[in-house]
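Reading the structure
Single-letter residue listing:
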Amino acid sequence: MEEIRGVPTWQEELASLVDAGLRYDGAPIDLTAATEIGSKRSGFVSADGSGSEPKETLKDQVTGFMKSWGEMLLELAKGCKDIVQQTVVTDDSFVVRKLGKPAAKVSKKLSFLNEFLPEDRDPIHAWPVIFFVFLLALAALSFSPEHDRPVTVVKKLRLHPTSASRVQLPDGRYIAYQELGVSAERARYSLVMPHSFLSSRLAGIPGVKKSLLVEYGVRLVSYDLPGFGESDPHRGRNLSSSASDMINLAAAIGIDEKFWLLGYSTGSMHTWAAMKYFPEKIAGAAMVAPVINPYEPSMAKEEMVKTWVQWLTKRKFMYFLARRFPILLPFFYRRSFLSGKLDQLDQWMSLSLGEKDKLLIKDPTFQEFYQRNVEESVRQGITKPFVEESMLQVSNWGFTLSEFRTQKKCTTNGVLSWLMSMYSEAECELIGFRKPIHIWQGMEDRVAPPSMSDYISRMIPEATVHKIPNEGHFSFFYSCDECHRRIFYALFGEPKGQLERVKETKDTLVETEAHKDP
């Protein structure tokens, strides 16, 4: 019987179920050749050439186990995500009702950060990824095997016995101070000095000689800011209260006449505050390397660029935290100068120093002074005063430097008064500080760049700015006898020595009357 063409036979259908490359033609099958072909196609050949599959190693088993475990965790995470979406983040859930509005306020406050994202990125998905990567980076940076760390000698900060003189202020707090130079009775000039960040009353004018103070008849008074050294903290400290503390201290220690101010670095903002709120008590002001608010809106764009470009990224970040998220500052402070260990000043403060400053901070005399000053500054071991100081530096001071400029103010209560003031000086007066202001600026200063003193000079044209070439932030002020003499000469002129006649105070009057009695 002839086969019907076009209909496959059962042998052809069976062959089509195997590989298309194998066709059964009715001939006897060679099993040995088939085994070899199968082994070559599978890619496995045994060591003895038999073609059997190799045994699974421990590495293969562990890899398979980890893949399976990862798949299980992925499915579990997807399930948890579905549960959270269906129960927790729904509009009527307890969590959304309680935290929805606060979260929306925080999201709105932080919305300015979305400007740093690419336009094609959704902030809801981008920021969690960025935060997770940030945590991984912190973990990687903090991990360092012990054998990879260099062996360094770690100095520890010591707690010294209390030794400061203290006076009680009208609000009941005590403030600690230090006096150098001539006595109160024989002082020709009184010079009051608030200290800078991470400093104390012990700083004063670093390395100033007593002979120079006596030669000019200067009574130098430096004091601890609230919460620093041995001074009591202040619950609501601001620049106005700082100025009041300075005036109350001067009155408590017998400075009855006008006194001079000297501000160094960040301590200059307290000097500005006293000049603003108590100008009648101030005879004049001197500032060395003054630091102003780097976010001051009245700064020109060029001045601001020249200021920020001098600073390291970490210092810029600390300014950003002090302005936006001051609650995070204690985390960094406890790991630096409040850790109980001593480190270099430029490392702690993230300072970019010039060559002269770098040489100075390596000097043994400077290191000894620096360690003792820091130990006194962090004596109380609390972060609050340091956070307050950082926040004051970058916040609105409540006044502008242009207010110290000498300018004419005319009282005009109406059109007639205004017309009269144009032809008469009777109702016009000069306002401003109208007393000597001297600024010393190192031209190699990278902590308080020269652009800051340029801004001060633009705001207060009457201020005398002494630009010092080849000097940095520390090199001009620390243990420089000639520099100290130049400052005193600019403020007081030729030295006249201390007063020969003892001032008549209440104590001396009582003592005189006692001698008169028989």
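Keep in mind the model is a prediction, meaning the values are calculated, not measured. (Residues numbered from 1 in each chain as written. Predicted model: local features only at pLDDT ≥ 70, side-chain atom pairs only at ≥ 80, totals over all residues. Heavy atoms only, no water.)

With that settled, consider the pairing of strand 4 (residues 189–194). Moving residue by residue along a regular strand, the side chains alternate between the two faces of the sheet. Counting buried residues in strand 4 gives six out of six residues, a clear majority hidden from the surface. By the alternation rule, side chains of strand 4 split into Tyr189, Leu191 and Met193 and Ser190, Val192 and Pro194, which are all buried. Each parallel crossover has a hand, and for strand 4 linked through helix 6 (residues 210–216) to strand 5 (residues 218–223) it is right-handed. Note that strand 4 and strand 6 (residues 259–264) share two bridges and pair parallel. Of the residues in strand 6, the one forming a bridge with valine 192 is leucine 261. (Buried < 20%, exposed > 50% of the residue type's maximum accessible area, 1.4 Å probe, protein only. Helix = DSSP H or I, 4+ residues; strand = E, 2+ residues; numbered from the N terminus. Right-handed = clockwise from strand over helix to strand, strands pointing away. Pairing = 2+ DSSP bridges.)

Once that is clear, we can look at helix 15 (residues 384–394). For helix 15, the tally of buried residues reaches nine of 11 residues, placing the bulk of the element in the interior. The inward-facing, buried residues of helix 15 abut helix 7 (239–252), helix 8 (268–277), helix 10 (313–324), helix 11 (329–333) and helix 14 (364–377). (Contact = heavy atoms within 4.5 Å.)

Counting buried positions over the seven residues of strand 7 (residues 282–288) gives six, a clear majority of the element. Once you follow strand 6 into helix 8 and on to strand 7, the crossover reads as right-handed. As defined by bridge partners, strand 7 adjoins strand 11 (residues 437–442) across four bridges and the pair is classed as parallel. The residue bridging alanine 285 from the neighbouring strand is isoleucine 437, located in strand 11.

The next point concerns the pattern of salt bridges. With the rule as written, the count across this model stands at 21 salt bridges. Taking the shortest distance from any N to any O, the salt bridge between aspartate 232 and arginine 166 comes out at 3.5 Å. In this pair, aspartate 232 is assigned in the loop between strand 5 and helix 7 and arginine 166 in strand 2 (residues 165–168), connecting sequence segments 66 residues apart. Put simply, Arg201, Asp224, Glu230, Arg372, Glu376 and Arg379 are held in one network by salt bridges that share partners. (Salt bridge = Lys/Arg side-chain N within 4 Å of Asp/Glu carboxyl O.)

So, on to the packing of aromatic side chains. Each pair of aromatic rings is reported with the distance of its centres and the angle of its planes. Within this structure, the stated rule accounts for 31 aromatic pairs. Measuring from centroid to centroid gives 5.8 Å for phenylalanine 320 and phenylalanine 325, while their planes differ by 65°, and the two rings are edge-to-face. Given the relative accessible area of 25%, phenylalanine 325 is considered partly exposed. Pairwise contacts between aromatic rings join Tyr264, Phe366, Phe369, Tyr370, Phe474, Phe477 and Tyr478 into one cluster. When the ring centre of tryptophan 311 is taken as origin, the NZ or CZ atom of arginine 315, which lies over that ring, is 4.5 Å away. Of note, arginine 323 hangs over the ring of tyrosine 295, and the distance from its end group to the ring centre comes to 4.4 Å. (Phe/Tyr/Trp six-rings, centres within 6.5 Å; stacked < 30°, edge-to-face > 60°. Lys NZ or Arg CZ within 6 Å of the ring centre and 35° of its normal.)

All right, on to the packing of helix 9 (residues 301–308) against helix 17 (residues 450–459) then. Where helix 9 contacts helix 17, the axes come no closer than 8 Å and their chain directions differ by 155°. Relative to helix 17, the element helix 9 lies roughly antiparallel. Between helix 9 and helix 17, the contacting residues are Glu303, Lys306 and Thr307 on the first element and Ser451, Met452, Asp454, Tyr455 and Arg458 on the second. Of the residues in the contact of helix 9 with helix 17, the class split is two nonpolar, two polar and four charged. (Axes fitted to C-alpha atoms, helices over the stretch in contact; angles between N-to-C directions. Parallel < 35°, antiparallel > 145°, perpendicular 65-115°, else oblique. Nonpolar A, V, L, I, M, F, W, Y, C, P; charged D, E, K, R; others polar.)

What follows covers the nonpolar core. Ranked by internal contacts, the top residues of the largest apolar core, which has 101 residues, are Trp272, Leu401 and Phe488. Among the elements that take part in this core, helix 7 stands out by supplying six residues, more than any other. Apart from the residues lying within four places of it in its own chain, the contact partners of tryptophan 272 are Met287, Trp397, Phe399, Leu401, Phe404, Ile456 and Ile460. (Core = buried A, V, L, I, M, F, W, Y, C linked by side-chain atoms within 4.5 Å.)

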